Structures are given as C-alpha cells and as structure tokens.
Amino acid sequence: MSSVTLNTGASIPAFGLGTWQSPKGAVGKAVEIAIRAGYRHIDCAHLYENEDEVGEVLQKLFKEGVVKREDLYITSKLSCFLMSNKEDVTESLTDTLTKLQLDYLDLYLIHCPFAAKKGTPFMKLQEGIIGYFPDMIASVWETMEGFVAKGLTKAIGISNFSITKTENLLKTAKIVPAVNQVECHAYLQQTKLQQYCKSKGIAFEAYSPLGSPARFNVQPGDPVVMEDPAVKEIASKHGASPAQVCIAFLLQSGLVVIPKSVTESRIIENLKATELVLTDEEMKSLRAIDKNCRLLSFQWFAPDKTVDQIWDASEDEAFVLQ
Ligand SMILES: NC(=O)C1=CN([C@@H]2O[C@H](COP(=O)(O)OP(=O)(O)OC[C@H]3O[C@@H](n4cnc5c(N)ncnc54)[C@H](OP(=O)(O)O)[C@@H]3O)[C@@H](O)[C@H]2O)C=CC1
Ligand SMILES: CC1=C(/C=C/C(C)=C\C=C\C(C)=C\C=O)C(C)(C)CCC1
C-alpha cells in the first residue's frame, strides 16, 4: 500500500479507516475487519467517544499476533472541549491513550481551531463556545510539542486549519505540523490549501472522501459526490464502485485518504480502491467536477461568525451547505 513521507521522516499509510459516527458495538468489529483485511492506519478522535472499543480490539489483535503495534499507524485528536490550558490538553491525550490502550500515538492532531468550554454537554455545544484564538492555539501547540519530546506521540498536526490559521500557528511553532486533515472530496478539492500545505511541507489528509453521506447535517437536495455522472461513468468503465473512484482519485492526487465504514463489504471494497488506477484523462474529468462545496461547515463552533469568516473564505470562496 502506498504511503506519504511526513516532515518527520516517518511514513503515513496513504489509506486508512475513519471512525467518526462508527457507533460503539460496531466500531470494534469494523477495526478488526479492516486490520485483518490489510488496513494499517486508523483515524480516531476523543470527540468520537468510541476510542475505548477501538483500544479493546487493538489489544486483542496484538495478543493474537495479527499485527504488531509498530506496524499500525494510529491517529487521534485533541478534544475541542479540552483546549483552554495545559492540564486539559494533557488530560485529552492521556484519556485517549488510556482508552486506546497505547503507550504512544503516531499522530496527534488539534481537531479544530475552535474551542468549547470543558464540561459543556455535547448537544448544548453552542452554549459553551469559546471560539478561535491564535494565542490559545499557540499555547496548545507548545503543549503538544512537549508530547513529542516525551514520546507520547511520534508526530503532531492540525485539522480544519485554513491557510490563515496555519500561518498564525507557524509564527510561534517550533515544530511544523506534519499533517493538516481537512474535508476533501471531488466536490471540495481544496487545491489552494493543498498547494499551500505542500509549500510548507505539511502533508494533506482528506477527510469525508466519499462526501460523508450520513453526516448529521445532510439535507435533501444536497450534492452527492458518489452520484456524480462523471464518477459513475468512470466507475462503470472500470467495473468499480463510485466510492472506489472517489478514493482512487484522492490517492492518485498524492493525498492521505480515510474513508469510514462499519459495513464489512464496504470496508473491503474501499481497500480494493488502492489498486484502482485511473487514466490521466479520468483524473482530468474528476478534477473538473469540483464545486468548491463544503459539507461540514463547523458553524456551530462560531455562531456569531459567517461560514466565510470561519473558513477565511477569501482563500477559497467555497459555498457551504447550511
Ligand atoms: N478532522 C475532522 O474534523 C473530521 C475527520 N473525519 C474523519 O474522516 C473519516 C471519513 O469521513 P466521514 O465524514 O466519516 O465520511 P466518508 O466520506 O468516509 O463517508 C462515510 C459514509 O459513507 C458510507 N460508505 C463507506 N463506504 C462506502 C461505499 N463503499 N459505498 C457506499 N457508501 C459507503 C459509510 O456507511 P457505513 O459506515 O454504514 O458503511 C458512511 O455513511 C471520519 O470517519 C473521520 O475519521 C471526518 C469528518 C471531520
Ligand atoms: C454532531 C452535532 C453537534 C456537534 C458536533 C461536534 C461537537 C463536533 C463534530 C465533530 C466532527 C464533525 C468531527 C469529525 O471529525 C451539535 C452539537 C452542533 C448538534 C448537532 C449534531
């Protein structure tokens, strides 16, 4: 399986399994099926509230000798509820390591540049919003740099950072983020952010590569990337599925891609997309269907701001689904 070399010198498998909205009772089985089938990269987060079940299955697979810790690439992310001070940031990582039953992560990301008050009930998030503060992010980053020094994570990175917010972070960062994990699919290709990340040596990781069809804010009439005629036509030419084309397109663009599934047949189907080779012409057709269309606006984190302000839209002028 292909990999991307990070600015740390380490390699990250270019293909991995997402676990957002993978419910407890299903996520462990999904991770087990994936690893047994050949996945070596799992994307987790404190916010997903399922890391304990992922940890249990990892332990089981280590004990059975199916895979060794050093052969896996495990990412997790700092909770947006635990960003206000060093103790909270440390609590988020410690809680994640305990739940995953690991001594170290391969990659630890700031989940998003917005913070919310500790203890805010998840469904009342809007009441606990703190917002985006560059000084808070700088201080979170300094704490995370300490995690690398202590061997608690091999690399640190960011998620949902625009160019402007990354530039702000780089003003004080001693470690350049290894990765920026952002929404990216054929309808939101983020070419400007991709180019910027490349220029800074930051690897670009594509989340929601299938257009997150079961996202919580999905509305009737929203564009559906897996139903795009170009995607379907290319899929049928290859005897592949639309999902496989969506994944192969991003992989062949040099990105790290982390589709989520808890369905055995889809977990396997998505893995097989790593073998699908698209022609230059097909890549060109897929590049042409970009709609600059953001599916996850994160506006709930900053209700006083417009979506354009949240994403520093002068950079990309994406239109956003409400
Ligand atoms: N950093 C961040 O803020 C974010 C990170 N992420 C990460 O990226 C991962 C992927 O993004 P996500 O938003 O989950 O969305 P995806 O684009 O990966 O889509 C997942 C959905 O597609 C379905 N699906 C999976 N494979 C297929 C297939 N072959 N054919 C048809 N449908 C399929 C899944 O259903 P089913 O499971 O029922 O099979 C699920 O409903 C997340 O799980 C998470 O790890 C995502 C969003 C934000
Ligand atoms: C899911 C809903 C809400 C909260 C979302 C939060 C706190 C985080 C979403 C994180 C994502 C997209 C993670 C992917 O990695 C509300 C509280 C806003 C209410 C609607 C449902």
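The structure displayed is predicted, hence computed values, not measured ones.

The rules behind these values
- Residues numbered from 1 in each chain as written.
- Chains lettered and ligands numbered in written order.
- Predicted model: local features only at pLDDT ≥ 70, side-chain atom pairs only at ≥ 80, totals over all residues.
- Heavy atoms only, no water.
- 1 Å grid on protein atoms, 1.4 Å probe; cavity = no way out; pocket = protein on both sides within 12 Å on 5 of 7 lines; lining within 4 Å.
- Points joined across faces, edges and corners; volume = space filled by probe spheres on them.
- Helix = DSSP H or I, 4+ residues; strand = E, 2+ residues; numbered from the N terminus.
- Nonpolar A, V, L, I, M, F, W, Y, C, P; charged D, E, K, R; others polar.
- Core = buried A, V, L, I, M, F, W, Y, C linked by side-chain atoms within 4.5 Å.
- Buried < 20%, exposed > 50% of the residue type's maximum accessible area, 1.4 Å probe, protein only.
- Contact = heavy atoms within 4.5 Å.
- UniProt positions renumbered as here; feature names shortened; annotations may be inferred.
- Near = heavy atom within 4 Å.
- Polar contact = N/O pair within 3.5 Å; in protein donor to acceptor, adjacent residues only side chain to side chain.
- Areas by Shrake-Rupley, 256 points an atom, 1.4 Å probe, with all protein chains shown as cover.
- Sits in = over half its atoms within 2 Å of the grid points.

Chemist: Can you help me understand empty space enclosed by the protein in this one?
Modeler: To find the voids left in a structure, one rolls a probe of water-molecule size over its atoms. One pass over the full model with this rule turns up 2 cavities of 30 Å³ or more. Empty space within the second largest cavity amounts to approximately 40 Å³. Lining the second largest cavity are Tyr 132, Pro 134, Ile 137, Ala 138, Phe 161, Lys 165, Asn 168 and Leu 169. Looking at the lining of the second largest cavity, the elements that each hand over two or more residues are helix H4 (134–149) and helix H5 (163–170). Residue composition of the lining of the second largest cavity, by class: 6 nonpolar, 1 polar and 1 charged.

Chemist: Just checking my understanding: could you explain the nonpolar core for this structure?
Modeler: Burial of nonpolar side chains together is a common tendency in soluble globular proteins. Membership of the largest hydrophobic core comes to 109 residues, with the highest contact counts inside it found for Val 31, Leu 58, Ile 74, Met 83, Ile 110 and Met 144. It is helix H8 (residues 242–252) that contributes the most residues to this core, 8 residues altogether. Apart from residues lying up to four places away in sequence, Ile 74 is in contact with Ile 42, Cys 44, Leu 58, Arg 69, Leu 100, Leu 102, Leu 105, Asp 106 and Leu 107.

Chemist: Help me understand the UniProt feature "binding site: substrate" (unreviewed entry) in the chain in this model?
Modeler: Sequence positions flagged by UniProt for "binding site: substrate" (unreviewed entry) are, in local numbering, His 111. By secondary structure assignment, the location of His 111 is in the loop between strand E6 (107–110) and strand E7 (115–116). Beyond its immediate sequence surroundings of up to four residues, His 111 is in contact with Ala 45, Leu 47, Tyr 48, Lys 77, Leu 78, Ser 159 and Asn 160.

Chemist: Help me understand the site of ligand 2 in this model?
Modeler: Taken together, Trp 20, Tyr 48, His 111, Phe 122, Met 123, Leu 125, Phe 216, Phe 298 and Trp 300 make up the full set of residues adjacent to ligand 2. Within the contact set of ligand 2, an oxygen atom lies 2.4 Å away from a side-chain nitrogen or oxygen of Tyr 48. Between an oxygen atom of ligand 2 and a side-chain N or O atom of His 111, the distance comes to 2.8 Å. The fraction of the free accessible surface of ligand 2 (540 Å²) that becomes covered by protein chains is 85%. Using a 2 Å cut-off from the grid points, one finds that ligand 2 occupies the largest pocket.

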